[in-house]
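# Working through the structure, step by step
Residues per chain, in single letters:
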Amino acid sequence: MSLVGFLHPLTTPSFLSSGSSLLRPKRPFLSQAPCLKFSCRGSMTATVGSFGFQSLTETFTVDVSRAEGRPLNVPLVAPFTIASSRLDVVKNVAIRVELSNGSVGWGESPILPFVTAEDQASALEKAMDVCSFIKRSKPKALKLLLEEIVEIVPGHAFASVRAGVEMALIDAVANSIRVPLWRLFGGVSKSITTDITIPILPPLEAAKLAEKYFHQDANEGYTAAEAIEVLKVLHEMGLSPILFEQPVHRDNWDGLREVSQVARDIYGVSVAADESCRGLFDVQRIIHGKLADVINIKLAKVGVLGALEIIEIARKAGLDLMIGGMVETRLAMGFAGHLAAGLGCFKFIDLDTPLLLSEDPVIGGYEVSGAVYVFNNARGQGGFLNWNCNE
């Protein structure tokens, strides 16, 4: 077990003050306060066991009787700020799907400005369109229905909406067969340990929590030259990130390759692609160009089916995997956590944002003990909303 910290370059604590202005990206929109994260966890790289999800999608016939999306607004303990956006309140979309057999499933479409392509209003409108479609659909295999949803909301534009509907349908089916999602996705483990976000603190307090092991998430904040200089300065100070996440702009492929090569070959630091990984094409480009060492999977970026496809391809290519999320309640985080626990193939887990909310609207679901999430044997993901109170 090792203490691991997540540090955004814009809140460099005093132990990192080398006098170099390159520890802080220069563009004006990057002047907002970020957050620091740490974790205490071991590696989670077990081999996937029996994977029953694929066969279930081919054999289970889905007949949707009700489907609806509603706003899911939850206040935060404090504003959530990264390099590209700031949230004062979570404004996501909740999805509820009910099958003709009475089984209910829940999903969530997270909205993070400048990261997801949609805002809450457009996401809600698109979610209602998809819900209307699946209600009109004739009974068919889950696989066929999921594929039709991908055709209606393809690509990155409404990936968060697609993910929310996929979650709800899969959760409803898992409820039907009385199987918890973590078992459905492989059953490797029934728990995960997530990184934890530390609120903005005075530099010395942040330094004590981060100690000397940290993961630096630049959120696209550097140029390639700046990112390389940061690694050099940290090395001279005796500091070495376990991971350098998205050091350059999402479309700066040459810069990503350059930073990854220097980080890996000179400093022994892995580089993760987050914003640069928005679909299968991006992953293939990263693999073929050797642009990064780690792929950050977020369901809101690629959907559930897209995530499973990317996971398979990335693992075959020998890349390490990370799973993260936007600012989400325990509905979306619960689904992602079940996926991570069931597959057991994620080296880095960053699913802590429900801990940033001042209220928890989810009833039931996984149990939280500090940074550890435990998934019980409740069918599906085990969590739901009080729909009447969510109007």
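See above for the structure.
Residues numbered from 1 in each chain as written. Predicted model: local features only at pLDDT ≥ 70, side-chain atom pairs only at ≥ 80, totals over all residues. Heavy atoms only, no water.

## Some remarks on the overall build of the protein
The criterion, for reference: The way it works is that DSSP assigns letters per residue, a run of H or I at least four long becomes a helix, a run of E at least two long becomes a strand, and they are numbered from the N terminus. A simple rule labels every residue: compare its accessible area, found with a 1.4 Å probe on the protein chains alone, to the largest value its type can have, and call it buried under 20%, exposed over 50%, or partly exposed in between. Contacts are residue-level and defined by heavy atoms, with any inter-residue pair within 4.5 Å sufficient. Surface exposure here means Shrake-Rupley accessible area, sampled with a 1.4 Å probe, where a residue is shielded only by the protein chains that are shown.
Helix and strand content of the protein: 11 helices and 19 strands. Evaluated residue by residue, the protein yields a buried proportion of 57% over its 391 residues. Here the contacts in the protein between residues at least 6 apart in sequence split such that 78% fall between residues at least 24 apart. Put simply, the protein shows about 15,300 Å² of open surface, and 53% of that area lies on carbon and sulfur atoms.

## Focus on the sheet that holds strand β18 (residues 372-374)
In plain terms, the rule: We treat two strands as partners when DSSP finds at least two bridges between them. Fitted lines through C-alpha atoms give the axes, limited to the stretch in contact for helices. The angle between two N-to-C directions lies from 0 to 180 degrees.
Pairing in this open sheet of three strands is antiparallel, and the strands run β8-β18-β17 from one edge to the other. On the outer flanks of this sheet lie β8 (191-193) and β17 (367-369), each paired with one strand and no other. With strand direction ignored, the average angle separating the axes of adjacent strands in the sheet is 20 degrees. Bridge count between β17 and β18: three bridges; the pairing is antiparallel. If you follow E367 over to β18, its bridge partner there is V374.

## Things to note about the packing of helix α2 (residues 120-136) against helix α3 (residues 142-152)
The condition is simple: The hand of a helix crossing depends on one turn: near helix anticlockwise from the far one by less than a right angle means left-handed, and clockwise means right-handed.
Axis separation between α2 and α3 bottoms out at 11 Å; the angle between their running directions is 145 degrees. Relative to α3, the crossing made by α2 is right-handed. Between α2 and α3, the contacting residues are V130, F133 and I134 on the first element and L145, E148, I149 and I152 on the second.

## A look at the environment of A272
For A272, the location among the structural elements is in strand β12 (residues 270-273). Put simply, A272 and P247 are 25 residues apart on the chain and 8.4 Å apart in space, counted from C-alpha to C-alpha.

## Some details on the pattern of salt bridges
We apply this condition: By definition, a salt bridge exists where a carboxyl oxygen of Asp or Glu is found within 4 Å of a side-chain nitrogen of Lys or Arg.
Enumeration over the complete set of coordinates arrives at 15 salt bridges. D254 serves as the salt-bridge partner of R257, at 3.1 Å between the closest nitrogen and oxygen. Separated by three residues within a single helix, R257 and D254 lie in helix α8 (residues 253-267), roughly one turn from each other. Judged by relative accessible area, D254 falls into the exposed class, the value being 56%. Residues D265 and R264 are paired through a salt bridge, measuring 3.8 Å at the closest nitrogen-oxygen approach. Using a relative accessible area of 55% as the deciding quantity, one classes D265 as exposed. Owing to a relative accessible area of 34%, R264 belongs among the partly exposed residues under this scheme. One continuous salt-bridge network, built from bridges that share partners, spans R66, R96 and E98.

## Considerations on the packing of helix α10 (residues 299-316) against helix α11 (residues 330-343)
Rules: Each angle is binned into one of four classes, with values under 35 degrees roughly parallel, values over 145 roughly antiparallel, values of 65 to 115 roughly perpendicular, and all other values oblique.
For the pair α10 and α11, the least separation of the axes is 12 Å and the interaxial angle reads 15 degrees. Considering the angle they form, α10 stands roughly parallel to α11. Handedness of the α10/α11 crossing: left-handed. Residues L299, V304, L308 and I311 of α10 pack against F335, A336, L339 and L343 of α11.

## Some words on the pairing of β12
To be explicit about the condition: Here is how to tell: hold the view so the strands point away, follow the path from the first strand over the helix to the second, and if it runs clockwise the crossover is right-handed.
Pairing analysis gives three bridges linking strand β11 (residues 243-245) to β12, with the strands arranged parallel. Bridging from a neighbouring strand, F244 pairs with V271 of β12. Note that β12 and strand β13 (residues 294-297) share two bridges and pair parallel. In the strand pairing of β13, A273 is matched with I295. As a crossover connection, the stretch from β12 through helix α9 (residues 280-289) into β13 is right-handed.

## Concerning the side chain of D171
Put simply, the rule reads: In this count, Lys and Arg are taken as positive residues and Asp and Glu as negative ones, while His and the chain termini are left out.
By secondary structure assignment, the location of D171 is in helix α4 (residues 159-176). An unpaired buried charge is present at D171: no salt bridge exists, and R379, the closest side chain of opposite charge, is 8.6 Å distant. Every residue in contact with D171, bar those within four places of it in the chain, is listed here: V104, G105, W106, L181, G380 and Q381.

## Description of the environment of L142
Locating L142 in the fold gives a position in helix α3. Taking the C-alpha atoms as reference points, L142 and D63, separated by 79 residues in sequence, lie 9.1 Å from one another. Once residues within four sequence positions are removed from consideration, L142 is found in contact with T57, F60, V62, L169 and V173.

## Looking at helix α7 (residues 224-236)
Note that an α-helix has 3.6 residues per turn; residues three or four places apart therefore point the same way. Put simply, the rule reads: To estimate the expected span of a helix, subtract one from its residue number and multiply by 1.5 Å.
Between the first and last C-alpha of α7 there are 19 Å, a value that for 13 residues agrees with the 18 Å anticipated at 1.5 Å per step. Looking at α7, one finds that the buried residues are A224, E226, A227, I228, V230, L231, V233 and L234.

## Section: the side chain of E108
Filter applied, for reference: Distance and chemistry together define a polar contact, namely a pair of N or O atoms within 3.5 Å, with one atom able to donate a hydrogen and the other to accept it when in protein, and with adjacent residues in sequence counting only for side-chain atoms on both sides.
Position of E108 among the secondary structure elements: in strand β6 (residues 104-109). Of the side chains bearing the opposite charge, R330 lies closest to the buried E108, which forms no salt bridge; the N-O distance is 9.5 Å. Here T329 takes part through its side chain, which lies 2.6 Å from a polar atom of the side chain of E108. A polar side-chain atom of E108 sits 3.1 Å from the main-chain amide nitrogen of A332. Among residues more than four places away in sequence, those in contact with E108 are L72, N92, V93, S160, G164, M167, E328, T329, L331 and A332.

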